[in-house]
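Residues per chain, in single letters:
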Amino acid sequence: MKKTTRNSRKQSAPSSTKNLASFIFSFLLSLTLVVVAVFFVANYSLSRNYVVSKIDSDYLRMLSENVYNAAVDYTMPTGVDVSVLEGVFTEYTIQEDVKNYVKGTFDEGTFELDTTDIHNVLKTNVDAFLREQGIDPATETKAVEDYVNEICSIYEDRIKLPGINYLPRFSKLLKSYNLYVIIGAVLFALINLFLCVKLHSYLHRGFRYVVYSLSGAALMTFAAPFVAYMNGFYKNLQISPNYFNHFIVTYIESIFGQLFIWAGVFLVLSILSLFIVATLRKNVARKKKRH
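About the thresholds
- All residue numbers here refer to positions counted from 1 along the written sequence of the relevant chain.
- Where local features are concerned, this predicted model is filtered to residues with pLDDT of at least 70; where side-chain atom pairs are given and counted, the filter is 80 or more; whole-chain, interface and lining totals use all residues.
- Computation of side-chain values covers all heavy atoms of the structure but excludes hydrogens and water.
- A run of H or I in DSSP counts as a helix once it spans at least four residues, and a run of E counts as a strand once it spans at least two, with each numbered from the N terminus.
- Burial status follows relative accessibility: with a 1.4 Å probe on protein chains alone, a residue under 20% of its type maximum counts as buried, one over 50% as exposed, and anything between as partly exposed.
- In what follows, a contact means two residues having at least one pair of non-hydrogen atoms within 4.5 Å.
- Accessibility throughout is a Shrake-Rupley quantity obtained with a 1.4 Å probe, and a residue counts as covered only by protein chains that appear here.
- How far a helix is expected to stretch is found by multiplying one less than its residue total by 1.5 Å.
- Comment: axis = line fitted to C-alpha atoms, over the contacting stretch for helices; angle = value between 0 and 180 degrees taken between N-to-C directions.
- Under this scheme an angle from 65 to 115 degrees is roughly perpendicular, one under 35 degrees roughly parallel, and one over 145 degrees roughly antiparallel; angles in between are oblique.
- Handedness of a crossing follows from how the near helix is turned relative to the far one, being left-handed for an anticlockwise turn of less than a right angle and right-handed for a clockwise one.
- Only Asp, Glu, Lys and Arg are considered charged, only Ala, Val, Leu, Ile, Met, Phe, Trp, Tyr, Cys and Pro nonpolar, and every remaining residue, Gly among them, polar.
- Each patch groups residues whose relative accessible area exceeds 30% and which form no salt bridge, using 9 Å between like charges and 5 Å between nonpolar side chains of Val, Leu, Ile, Met, Phe, Trp and Tyr.
- We count a salt bridge whenever a side-chain nitrogen from Lys or Arg sits within 4 Å of a carboxyl oxygen from Asp or Glu.
- To pair, rings of Phe, Tyr and Trp, with the six-membered ring standing in for Trp, must have centres within 6.5 Å; the planes then decide the type, stacked if under 30 degrees apart, edge-to-face if over 60, and tilted in the middle.
- The rule is simple: put a 1 Å grid over the protein atoms alone, call a set of points where a 1.4 Å probe fits but cannot get out a cavity, call an open set with protein on both sides within 12 Å along at least five of seven lines a pocket, and count a residue as lining if it has an atom within 4 Å of a point.
- Grid points are joined across faces, edges and corners, and a volume is the space filled by probe spheres set on the points.

Colleague: It is not clear to me how the overall build of the chain should be interpreted in this structure. Could you clarify?
Modeller: Across its full length, the chain carries 10 helices and 0 strands. Start at the N end of the chain and walk to the C end: the helices and strands fall as α-α-α-α-α-α-α-α-α-α. In the chain, which comprises 291 residues, the proportion classed as buried is 36%. Counted over contacts in the chain with a minimum sequence separation of 6, partners at least 24 positions apart contribute 83%. Element-wise, carbon and sulfur atoms account for 61% of the exposed surface of the chain, whose accessible area totals about 17,600 Å².

Colleague: Please clarify how helix 3 (residues 57-75) should be interpreted in this entry.
Modeller: Since one α-helical turn is 3.6 residues long, residues separated by three or four positions face the same way. The first and last C-alpha atoms of helix 3 sit 27 Å apart over 19 residues, in line with the 27 Å expected at 1.5 Å per residue. Those residues of helix 3 that sit buried are Tyr-59, Leu-60, Met-62, Leu-63, Ser-64, Val-67, Ala-70, Ala-71, Val-72 and Thr-75.

Colleague: Quick question: what am I supposed to make of the packing of helix 5 (residues 116-132) against helix 6 (residues 141-159) here?
Modeller: In a pair of packed helices, the angle between the axes and the distance between the axes together describe the arrangement. Remark: helix 5 packs on helix 6, axes separated minimally by 10 Å, with the N-to-C direction vectors making an angle of 140 degrees. The pairing of helix 5 with helix 6 is recorded here as oblique in orientation. Note that helix 5 runs across helix 6; the crossing there is right-handed. In this structure, helix 5 uses Ile-118, His-119, Leu-122, Lys-123, Val-126, Asp-127 and Leu-130 to contact helix 6, whose residues at the interface are Val-144, Glu-145, Tyr-147, Val-148, Asn-149, Ile-151, Cys-152 and Tyr-155. Taken together, the residues of the contact of helix 5 with helix 6 sort by class into 10 nonpolar, 2 polar and 3 charged.

Colleague: How should a nonpolar patch on the surface be read in this particular structure?
Modeller: A cluster of nonpolar side chains, namely Ile-261, Val-265, Leu-267, Val-268, Leu-269, Ile-271, Leu-272 and Phe-275, defines an oily patch on the protein surface of about 740 Å² accessible area. Among the structural elements, Ile-261 can be located in helix 10 (residues 242-290). A residue is classified by how much of its surface remains accessible, and Ile-261, at 58% relative accessible area, is exposed.

Colleague: Help me out: how do you make sense of the side chain of Ser-64 in this one?
Modeller: Mapped onto the elements, Ser-64 comes out in helix 3. Excluding residues within four positions of it along the chain, Ser-64 makes contact with Glu-91 and Ile-94.

Colleague: Sorry, what's going on with the packing of aromatic side chains here?
Modeller: Any aromatic ring pair is given by two values, namely how distant the centres are and how the planes are angled relative to each other. Applying the stated rule across the entire model yields 18 aromatic pairs. Residues Phe-222 and Phe-260 carry aromatic rings whose centres are separated by 5.2 Å and whose planes lie at 45 degrees to one another, so their mutual orientation is tilted. In this pair, Phe-222 sits in helix 9 (residues 203-231) while Phe-260 sits in helix 10, placing the two residues 38 residues apart along the sequence. Looking at Phe-260, the relative accessible area reads 25%, which means it is partly exposed. Taking the centre distance of 5.6 Å and the plane angle of 80 degrees together, the rings of Tyr-234 and Phe-256 count as edge-to-face. Of the two residues, Tyr-234 sits in the loop between helix 9 and helix 10 while Phe-256 sits in helix 10, which places them 22 residues apart along the sequence.

Colleague: Honestly, the packing of helix 3 against helix 6 in this entry has me stumped. Any pointers?
Modeller: Viewed as axis vectors pointing N to C, helix 3 and helix 6 meet at an angle of 150 degrees, and their least axial separation amounts to 10 Å. Of the possible angle classes, the one that applies to helix 3 and helix 6 is roughly antiparallel. Crossing angle aside, the handedness with which helix 3 passes helix 6 is right-handed. In contact with Leu-63, Asn-66, Val-67, Ala-70, Ala-71, Tyr-74 and Thr-75 of helix 3, helix 6 contributes Tyr-147, Glu-150, Ile-151, Ile-154, Tyr-155, Arg-158 and Ile-159. Among the residues forming the contact of helix 3 with helix 6, the class breakdown is 10 nonpolar, 2 polar and 2 charged.

Colleague: Even after reading the chapter, I still don't get the side chain of Asn-245, so can you show me in this structure?
Modeller: Secondary-structure assignment places Asn-245 in helix 10. By relative accessible area, Asn-245 is classed as buried at 15%. Apart from the residues within four sequence positions on either side, Asn-245 is in contact with Leu-237, Gln-238 and Ile-239.

Colleague: Would you mind going over the layout of surface pockets with me for this structure?
Modeller: Empty space among the atoms becomes visible once a probe the size of a water molecule is rolled across them. Here the largest pocket is characterised by a volume of approximately 160 Å³. Taken together, Tyr-74, Thr-78, Val-80, Val-126, Leu-130, Glu-140, Ala-143, Val-144 and Tyr-147 make up the lining of the largest pocket. Where the lining of the largest pocket is concerned, the elements lending two or more residues are helix 5 and helix 6. The leading source of residues in the lining of the largest pocket is helix 6, at 3 residues. Class assignment for the residues of the lining of the largest pocket results in 7 nonpolar, 1 polar and 1 charged.

Colleague: Explain the pattern of salt bridges here, please?
Modeller: If charged atoms from side chains of opposite charge come close, those side chains can pair. Counted under the stated rule, the structure contains 6 salt bridges. With a shortest N-O distance of 2.9 Å, Lys-142 and Asp-146 are connected by a salt bridge. Highlighted residues: Lys-142 and Asp-146, both in helix 6, separated by 4 residues, approximately one helical turn. Under the relative-accessibility criterion, Lys-142 is labelled exposed at 59%. Overall, the relative accessible area of 39% leaves Asp-146 in the partly exposed class. One salt bridge connects Glu-253 with Lys-235, and the closest N-O pair in it is separated by 3.6 Å. Of this pair, Glu-253 sits in helix 10 while Lys-235 is found in the loop between helix 9 and helix 10, placing the two residues 18 residues apart along the sequence.

Printed below as a string of structure tokens:
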């Protein structure tokens, strides 16, 4: 009886060590998968087209209101009727200018906004207003030009997305590490995958740790953004102006959405791996019965 107990202890010790080692390699594989997911999400989220896609109709509406209100605030003390602003800032123009500004910032690093059309329309409106008041626009050329230029400056300042110039820098920095990260992650993942499987005599026993890795990656990729989304702390930052705050909230939530997709992919892969483990186990059981 004592000999049997000693033998079982000797057999269980190596088995426990293998399991512990497998769990460690499984955890490292899981972390690698999460890092890869985050890296790809960061790369995609910092791309030009992705940032442009986050400039939605609500952003444009709030921006239009902000531009118009700022122009009204500047116009009222001048004695010029605010009706001169009608038709100056169209939704289409604002949409095109914002998107072109973002694209230009990514492509060239700097972008000069062309306000010629706004300048001409506003000047025409102001000249028409002065004539209605019995004033010759030619006598107020400098005052009109100063007013129009100031309104154009207000428009330019608000069209620019605050901090947008940092995104291309981060994007280029990440892309410069793309090859290294991908190669390093693939090699590290393969090593941990190999060790998880190789430590066990049966393939299905080792492969179950791959299931653990994928499940863990799915959980980690989902949990953090889900907690942040439910908490909603990023919605209470109250960043000014309001249209930029809307952009930040939309941008962050879209990143959460990408991470949720990755979590779903890992979950599906873990379920498929579970079926593979079950199939391998059945094959082993059949072979044992034959012998």
